[in-house]
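Single-letter residue listing:
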Amino acid sequence: KPQAVPGGYLIRGESRVKSKEGMDDGDVLIEALDKKISESSVAGKIQAYYILDPRPPSGEEIMNEEDESPVLLITNYDISPDTKVWVKPAVTFLGLASVALFSLGSFSFNDDVMNQISASADAGEAGSLDLLYDLSLPLALSVLGTQILHEAGHLIIAIKDGIQIGLPTFVPGFQIGLTG
(Lines give C-alpha, C1' and ligand atoms only; values in the text may rest on other atoms or scores of the structure.)
Protein backbone atom coordinates (compact mmCIF):
# COMPACT_ATOMS: atom_id res chain seq x y z
CA LYS A 1 0.00 0.00 0.00
CA PRO A 2 1.45 3.43 -0.91
CA GLN A 3 2.55 5.52 2.06
CA ALA A 4 1.87 9.25 1.87
CA VAL A 5 5.02 11.32 2.43
CA PRO A 6 5.66 15.05 1.94
CA GLY A 7 5.68 15.60 -1.82
CA GLY A 8 4.31 12.24 -2.92
CA TYR A 9 4.03 8.55 -2.08
CA LEU A 10 6.49 5.79 -1.17
CA ILE A 11 5.87 2.26 -2.39
CA ARG A 12 7.75 -0.54 -0.66
CA GLY A 13 7.95 -4.14 -1.83
CA GLU A 14 9.91 -6.54 -3.98
CA SER A 15 10.60 -5.68 -7.59
CA ARG A 16 9.43 -8.32 -10.05
CA VAL A 17 11.46 -7.05 -12.98
CA LYS A 18 14.59 -8.82 -14.09
CA SER A 19 17.74 -6.94 -14.88
CA LYS A 20 18.82 -6.55 -18.48
CA GLU A 21 22.35 -6.57 -19.79
CA GLY A 22 24.05 -3.38 -18.62
CA MET A 23 21.04 -2.28 -16.51
CA ASP A 24 20.17 -3.12 -12.92
CA ASP A 25 16.68 -3.88 -11.61
CA GLY A 26 15.96 -0.27 -10.65
CA ASP A 27 16.82 1.09 -14.09
CA VAL A 28 14.67 -1.56 -15.77
CA LEU A 29 11.78 -0.82 -13.39
CA ILE A 30 11.93 2.95 -13.95
CA GLU A 31 12.20 2.48 -17.73
CA ALA A 32 9.08 0.25 -17.68
CA LEU A 33 7.20 2.67 -15.39
CA ASP A 34 8.13 5.68 -17.51
CA LYS A 35 6.82 3.88 -20.60
CA LYS A 36 3.51 2.97 -18.87
CA ILE A 37 3.12 6.48 -17.44
CA SER A 38 3.75 8.11 -20.84
CA GLU A 39 0.93 6.01 -22.35
CA SER A 40 -1.57 6.80 -19.57
CA SER A 41 -3.78 9.71 -18.58
CA VAL A 42 -1.25 10.82 -15.93
CA ALA A 43 1.49 11.45 -18.50
CA GLY A 44 3.24 14.71 -17.66
CA LYS A 45 1.60 14.79 -14.21
CA ILE A 46 3.61 12.29 -12.14
CA GLN A 47 7.21 11.13 -11.96
CA ALA A 48 8.67 7.92 -10.47
CA TYR A 49 12.03 7.66 -8.70
CA TYR A 50 13.82 4.51 -7.50
CA ILE A 51 15.62 5.53 -4.28
CA LEU A 52 16.98 4.01 -1.08
CA ASP A 53 14.37 3.85 1.68
CA PRO A 54 14.63 7.11 3.67
CA ARG A 55 13.22 5.41 6.80
CA PRO A 56 15.92 4.73 9.41
CA PRO A 57 16.58 0.97 9.57
CA SER A 58 15.82 -1.00 12.72
CA GLY A 59 18.59 -2.75 14.63
CA GLU A 60 17.42 -6.08 13.27
CA GLU A 61 17.57 -4.81 9.67
CA ILE A 62 21.12 -3.59 10.24
CA MET A 63 22.18 -6.92 11.76
CA ASN A 64 20.66 -8.81 8.79
CA GLU A 65 22.22 -6.32 6.33
CA GLU A 66 18.75 -5.36 5.07
CA ASP A 67 19.21 -1.66 5.76
CA GLU A 68 19.50 -0.46 2.16
CA SER A 69 16.25 -1.56 0.57
CA PRO A 70 15.07 0.51 -2.40
CA VAL A 71 11.60 2.03 -2.70
CA LEU A 72 9.62 3.82 -5.37
CA LEU A 73 8.90 7.49 -4.80
CA ILE A 74 5.98 8.85 -6.83
CA THR A 75 5.73 12.66 -7.01
CA ASN A 76 4.15 15.36 -9.09
CA TYR A 77 6.02 15.90 -12.32
CA ASP A 78 7.35 19.27 -11.13
CA ILE A 79 8.75 18.83 -7.64
CA SER A 80 10.38 22.25 -7.40
CA PRO A 81 8.80 24.36 -4.69
CA ASP A 82 6.90 27.51 -5.54
CA THR A 83 8.23 30.51 -3.64
CA LYS A 84 7.17 34.09 -3.48
CA VAL A 85 9.13 36.34 -5.83
CA TRP A 86 10.81 38.25 -2.97
CA VAL A 87 12.10 35.21 -1.02
CA LYS A 88 15.20 34.34 -3.09
CA PRO A 89 16.46 37.94 -3.38
CA ALA A 90 15.91 38.40 0.37
CA VAL A 91 17.84 35.22 1.18
CA THR A 92 20.63 36.26 -1.20
CA PHE A 93 20.79 39.69 0.46
CA LEU A 94 21.08 38.00 3.87
CA GLY A 95 23.78 35.72 2.45
CA LEU A 96 25.79 38.67 1.15
CA ALA A 97 25.33 40.50 4.46
CA SER A 98 26.54 37.43 6.34
CA VAL A 99 29.70 37.34 4.18
CA ALA A 100 30.32 41.01 4.98
CA LEU A 101 29.79 40.43 8.71
CA PHE A 102 32.02 37.35 8.63
CA SER A 103 34.78 39.29 6.87
CA LEU A 104 34.55 42.22 9.26
CA GLY A 105 34.19 39.96 12.28
CA SER A 106 37.29 37.97 11.34
CA PHE A 107 39.46 40.99 11.97
CA SER A 108 37.43 42.71 14.70
CA PHE A 109 38.55 40.03 17.17
CA ASN A 110 42.21 40.69 16.34
CA ASP A 111 43.67 42.81 19.16
CA ASP A 112 46.39 44.39 16.98
CA VAL A 113 43.87 45.51 14.35
CA MET A 114 41.46 46.88 16.94
CA ASN A 115 44.28 48.71 18.77
CA GLN A 116 45.35 50.38 15.49
CA ILE A 117 41.75 51.41 14.75
CA SER A 118 41.30 52.73 18.31
CA ALA A 119 44.58 54.66 18.14
CA SER A 120 43.65 56.32 14.84
CA ALA A 121 40.15 57.12 16.16
CA ASP A 122 41.61 58.62 19.38
CA ALA A 123 43.98 60.71 17.27
CA GLY A 124 40.96 62.06 15.40
CA GLU A 125 42.10 60.74 12.06
CA ALA A 126 39.42 60.58 9.38
CA GLY A 127 38.84 57.13 7.95
CA SER A 128 39.87 55.24 11.07
CA LEU A 129 37.99 52.16 9.78
CA ASP A 130 39.93 52.08 6.50
CA LEU A 131 42.30 49.45 7.91
CA LEU A 132 39.41 47.13 8.77
CA TYR A 133 37.92 47.69 5.31
CA ASP A 134 41.28 47.06 3.59
CA LEU A 135 41.75 43.80 5.49
CA SER A 136 38.16 42.55 5.11
CA LEU A 137 37.57 43.25 1.44
CA PRO A 138 39.97 40.60 0.04
CA LEU A 139 38.48 37.97 2.36
CA ALA A 140 34.90 38.84 1.37
CA LEU A 141 35.78 38.84 -2.34
CA SER A 142 37.52 35.47 -2.10
CA VAL A 143 34.51 33.89 -0.32
CA LEU A 144 32.13 35.39 -2.91
CA GLY A 145 34.41 34.35 -5.78
CA THR A 146 34.46 30.77 -4.52
CA GLN A 147 30.67 30.76 -4.20
CA ILE A 148 30.21 32.23 -7.69
CA LEU A 149 32.44 29.50 -9.15
CA HIS A 150 30.42 26.91 -7.22
CA GLU A 151 27.17 28.27 -8.65
CA ALA A 152 28.70 28.36 -12.14
CA GLY A 153 29.39 24.64 -11.72
CA HIS A 154 25.69 24.06 -11.02
CA LEU A 155 24.82 26.05 -14.15
CA ILE A 156 27.26 24.12 -16.36
CA ILE A 157 25.90 20.75 -15.22
CA ALA A 158 22.30 21.94 -15.58
CA ILE A 159 22.95 23.09 -19.16
CA LYS A 160 24.77 19.83 -19.94
CA ASP A 161 21.85 17.77 -18.61
CA GLY A 162 19.13 20.01 -20.08
CA ILE A 163 17.72 21.04 -16.69
CA GLN A 164 16.09 24.43 -16.23
CA ILE A 165 17.30 26.23 -13.12
CA GLY A 166 16.65 29.65 -11.67
CA LEU A 167 19.10 32.32 -10.63
CA PRO A 168 21.53 31.30 -7.88
CA THR A 169 20.63 31.98 -4.29
CA PHE A 170 23.44 32.70 -1.83
CA VAL A 171 22.26 31.08 1.39
CA PRO A 172 23.58 32.62 4.64
CA GLY A 173 25.65 30.42 6.91
CA PHE A 174 27.49 30.73 10.20
CA GLN A 175 30.94 29.37 9.33
CA ILE A 176 32.05 31.52 6.39
CA GLY A 177 28.96 33.57 5.70
CA LEU A 178 27.51 31.23 3.06
CA THR A 179 26.16 27.70 2.94
CA GLY A 180 26.27 25.61 -0.22
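The structure under discussion appears in the preceding block.
Attention in this report is confined to the structure presented alongside it. (Residues numbered from 1 in each chain as written. Predicted model: local features only at pLDDT ≥ 70, side-chain atom pairs only at ≥ 80, totals over all residues. Heavy atoms only, no water.)

### Points about the sheet that holds strand S3 (residues 46–52)
Spatial strand order, S1-S2-S4-S3: four strands in an open sheet with antiparallel pairing. Two strands in the sheet have a free side with no partner beyond their single neighbour: strand S1 (3–5) and S3. The sheet shows a mean angle of 30 degrees between the axes of neighbouring strands, taken without regard to direction. Two elements, S1 and strand S2 (residues 8–11), share three bridges in a ladder whose sense is antiparallel. When the bridges of S2 are listed, Val5 appears paired with Gly8. Strand contacts of helix H1 (residues 25–38): S3 and strand S4 (70–76), with the helix running at about 170 degrees to S3, the strand carrying the most contacts. (Pairing = 2+ DSSP bridges. Helix = DSSP H or I, 4+ residues; strand = E, 2+ residues; numbered from the N terminus. Axes fitted to C-alpha atoms, helices over the stretch in contact; angles between N-to-C directions. Contact = heavy atoms within 4.5 Å.)

### So, the environment of Lys1
Mapped onto the elements of the fold, Lys1 is located in the segment before S1. Sequence spacing of Lys1 and Lys88 is 87 residues, and the spatial spacing of their C-alpha atoms is 38 Å.

### Remarks on helix H5 (residues 130–161)
An ideal rise of 1.5 Å per residue puts 46 Å on 32 residues; H5 measures up with 46 Å between its terminal C-alpha atoms. Within the sequence span of H5, burial applies to Leu132, Ser136, Ala140, Val143, Gln147, Glu151 and Ala158. (Expected span 1.5 Å × (residues − 1). Buried < 20%, exposed > 50% of the residue type's maximum accessible area, 1.4 Å probe, protein only.)

### Considerations on the packing of helix H4 (residues 111–122) against H5
Between H4 and H5, whose axes approach to 9 Å, the crossing angle comes to 145 degrees. Contacts from Val113, Gln116 and Ile117 in H4 reach Leu131, Leu132 and Leu135 in H5. Along the lines of polarity and charge, the residues of the contact of H4 with H5 split into five nonpolar, one polar and no charged. (Nonpolar A, V, L, I, M, F, W, Y, C, P; charged D, E, K, R; others polar.)

### What about the environment of Ile37?
Mapped onto the secondary structure, Ile37 falls in helix H1. Between the C-alpha atoms of Ile37 and Asp82, which are 45 residues apart in sequence, the distance is 24 Å. Beyond its immediate chain neighbours, meaning those up to four positions away, Ile37 contacts Val42, Ala43, Ile46 and Ala48.

### Regarding the pairing of S2
The turn joining S1 and S2, which pair antiparallel and follow one another in sequence, is formed by two residues; a positive phi near 95 degrees is taken by Gly7. As defined by bridge partners, S2 adjoins S4 across four bridges and the pair is classed as antiparallel. Residue pairing in the sheet places Tyr9 in a bridge with Ile74 of S4.

### Structural notes on the packing of helix H3 (residues 87–108) against H5
Running from N to C, H3 and H5 point in directions that differ by 135 degrees, and their axes come no closer than 9 Å. Viewed along their axes, H3 and H5 adopt a mutual orientation that is oblique. Between H3 and H5 lies a crossing whose hand is right-handed. In this structure, H3 contributes Leu96, Val99, Phe102, Ser103, Leu104, Ser106, Phe107 and Ser108 to the contact, and H5 contributes Leu132, Leu135, Ser136, Leu139, Ala140, Val143 and Leu144. (Parallel < 35°, antiparallel > 145°, perpendicular 65-115°, else oblique. Left-handed = near helix turned anticlockwise from the far one by under 90°.)

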